[in-house]
Amino acid sequence: MSVYSVYTFEIQEGEKSLFYNNTSLRTIDKANTIVGNILHDGLTVVGKKKREAMPLRSINMTERNDVYSWTLCNAKEITQYEGHDKNVIESHPGSYIIVDNREDVCQILVERNGAFNSDTDKVIRFFKNSINTRLSDYCLRIVVKQKYQAGKFKELIRERIANHNDHVRKIVWEFPNPDRVKGVDASRQMKQNLEGLRLITQATNALKGKLILSGSKDEPMCVDDSKIEDMAQIIALSAQNNYSLSYHFYNSPTVYMKNVANACFTIDEKIIDDFSRGQSFVDKNGQTTYQLISVLDDIRNKISDYDNKIIDE
């Protein structure tokens with residue numbers, strides 16, 4: 001069993017819009033197709049060694065149902081001895097990379113092992129910088145975020161209200177312009193709810209907007225997400241996509257979504273091998289699929305209330 005760090009990604013439009021292959025569709029509307037084509041054609045991931053750019057070797061690329069897996073190899077020098085004679089030879093250990101490029105899923109998993117000294121953020125930076133070089137031709141860019149647990153957020157809000165006899169004074173939520181971002185991890189209902197906000201942000205060409213809900217001491221705001229589905233959706237959307245969400249109280253400090261624990265999951269190497277060989281199976285719903293895709297769906301469900309941290313340079 002190997003341990004994987006879990007990331008999500010989204011594709012953002014640049015300062016201008018381009019049309020895709022002489023069609024009336026903008027490149028942002030074909031973002032997943034473009035990413036898939038880049039991976040299918042063979043993306044060269046460029047790493048660094050002694051501060052110098054170094055193309056990394058990719059082997060065993062597999063592509064099925066918009067899910068891609070391959071082994072990304074590092075280059076390490078190891079010492080070989082024959083008696084007193086010392087020879088330095090180059091070794092190429094590898095880590096599995098899994099890119100779930102299904103529309104509105106957009107996950108990346110990186111195997112944590114010795115190939116890159118378990119520094120999966122470094123691998124993500126190599127991948128992100130390399131694919132952004134190709135995406136720039138389409139006036140697009142990829143943003144990758146590491147998943148963190150944020151499950152205590154709701155409990156903190158409830159605890160403030162129940163045990164401290166406090167009330168929410170204001171809720172501040174920053175949301176994206178769905179027209180300029182692809183790969184937003186949200187339910188269909190939440191996307192419909194965002195439609196009204198999209199019309200405003202689209203009209204102003206804003207990259208993001210801010211929603212402020214204010215209450216009063218005399219008539220306290222109702223913030224029970226178990227009763228208000230839209231609030232539950234906003235919390236879930238913010239946790240899944242790194243959107244800023246804060247609850248401001250009258251008598252106690254503001255509660256922000258905070259990073260708690262890095263999301264890591266184990267995957268049996270046999271599942272990767274079966275995926276590479278095209279070995280399918282019938283899931284619990286009677287659908288024929290691949291076990292790796294079923295595992296990816298299960299991971300996505302388990303981290304639905306996790307927060308994110310953007311992987312910078």
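Scroll up to find the structure this text is about.
About the thresholds
Residues numbered from 1 in each chain as written. Predicted model: local features only at pLDDT ≥ 70, side-chain atom pairs only at ≥ 80, totals over all residues. Heavy atoms only, no water. Helix = DSSP H or I, 4+ residues; strand = E, 2+ residues; numbered from the N terminus. Buried < 20%, exposed > 50% of the residue type's maximum accessible area, 1.4 Å probe, protein only. Contact = heavy atoms within 4.5 Å. Axes fitted to C-alpha atoms, helices over the stretch in contact; angles between N-to-C directions. Parallel < 35°, antiparallel > 145°, perpendicular 65-115°, else oblique. Nonpolar A, V, L, I, M, F, W, Y, C, P; charged D, E, K, R; others polar. Core = buried A, V, L, I, M, F, W, Y, C linked by side-chain atoms within 4.5 Å. Phe/Tyr/Trp six-rings, centres within 6.5 Å; stacked < 30°, edge-to-face > 60°. Lys NZ or Arg CZ within 6 Å of the ring centre and 35° of its normal. Pairing = 2+ DSSP bridges. Expected span 1.5 Å × (residues − 1). Arc of directions from axis to C-beta.

### A few points about the overall build of the chain
Summing up its helical and strand segments, the chain has seven helices and 19 strands in all. Residues classed as buried in the chain amount to 45% of the 313 residues present. Across the chain, the fraction of contacts at a sequence separation of at least 24, relative to all contacts at a separation of at least 6, is 70%.

### Some remarks on the packing of helix H1 (residues 31-41) against helix H2 (residues 120-135)
In helix packing, the relevant descriptors are the interaxial angle and the interaxial distance, both defined with respect to the helix axes. Their axes nearest at 11 Å, the elements H1 and H2 cross at an angle of 110°. By the angle between their directions, the pair H1 and H2 is classed as roughly perpendicular. For the pair H1 and H2, the contacting residues are Ile34, Val35, Ile38, Leu39 and Asp41 in the first and Phe127, Ile131, Arg134 and Leu135 in the second. Each residue belonging to the contact of H1 with H2 can be placed in one class, and the counts come to seven nonpolar, no polar and two charged.

### Overview of the nonpolar core
One finds Ile11, Val99, Ile108, Phe127 and Leu135 to be the most contacted residues of the largest nonpolar core, which totals 35 residues. Counting residues per element, the ones that place at least two in this core are strand E1 (2-13), H1, strand E5 (67-73), strand E8 (94-100), strand E9 (107-111), H2 and strand E10 (140-149). Sort the elements by how many residues they give to this core and H2 lands first, with six residues. By size, the runner-up hydrophobic cluster in this structure holds 20 residues, among which are Phe265, Ile271, Ile303 and Tyr306.

### Overview of the packing of aromatic side chains
Overall, the coordinates contain two aromatic pairs when judged by the stated rule. With 6.3 Å between their ring centres and 40° between their planes, Trp70 and Phe127 make a pair best called tilted. Taken together, the positions of Trp70 in strand E5 and Phe127 in helix H2 put the pair 57 residues apart, joining distant regions of the chain. On the basis of relative accessible area, Phe127 is assigned to the buried category, the value being 5%. Both rings, one in Phe275 and one in Tyr290, keep their centres 5.7 Å apart while their planes meet at 85°; by these two values the pair is edge-to-face. A residue pair is termed long-range when its members are at least 10 positions apart, and Phe275 in helix H6 (residues 269-277) and Tyr290 in the loop between strand E18 (288-289) and helix H7 (291-302) qualify at 15 residues. Taken as a pair, Phe275 and Tyr290 share a single burial class, namely buried. The residue whose ring lies beneath Arg160 is Phe249, and the NZ or CZ to ring-centre distance is 5.3 Å.

### Focus: the pairing of strand E16 (residues 264-267)
Burial along E16 is one-sided: Phe265 and Ile267 are buried, and none of Cys264 and Thr266, which face the opposite way, are. Sheet topology places E1 next to E16; four bridges connect them, and they run antiparallel. Within the sheet, the bridge partner assigned to Ser5 lies in E16 and is Cys264.

### With respect to H7
Here H7 contains twelve residues, and its C-alpha end-to-end distance of 16 Å stays within 8% of the 16 Å for a straight helix at 1.5 Å per residue. By the burial criterion, the buried members of H7 are Leu292, Ile293, Val295, Leu296 and Ile299. Viewed end-on, H7 has its buried residues packed into an arc of 155°, placing them on one side of the element.

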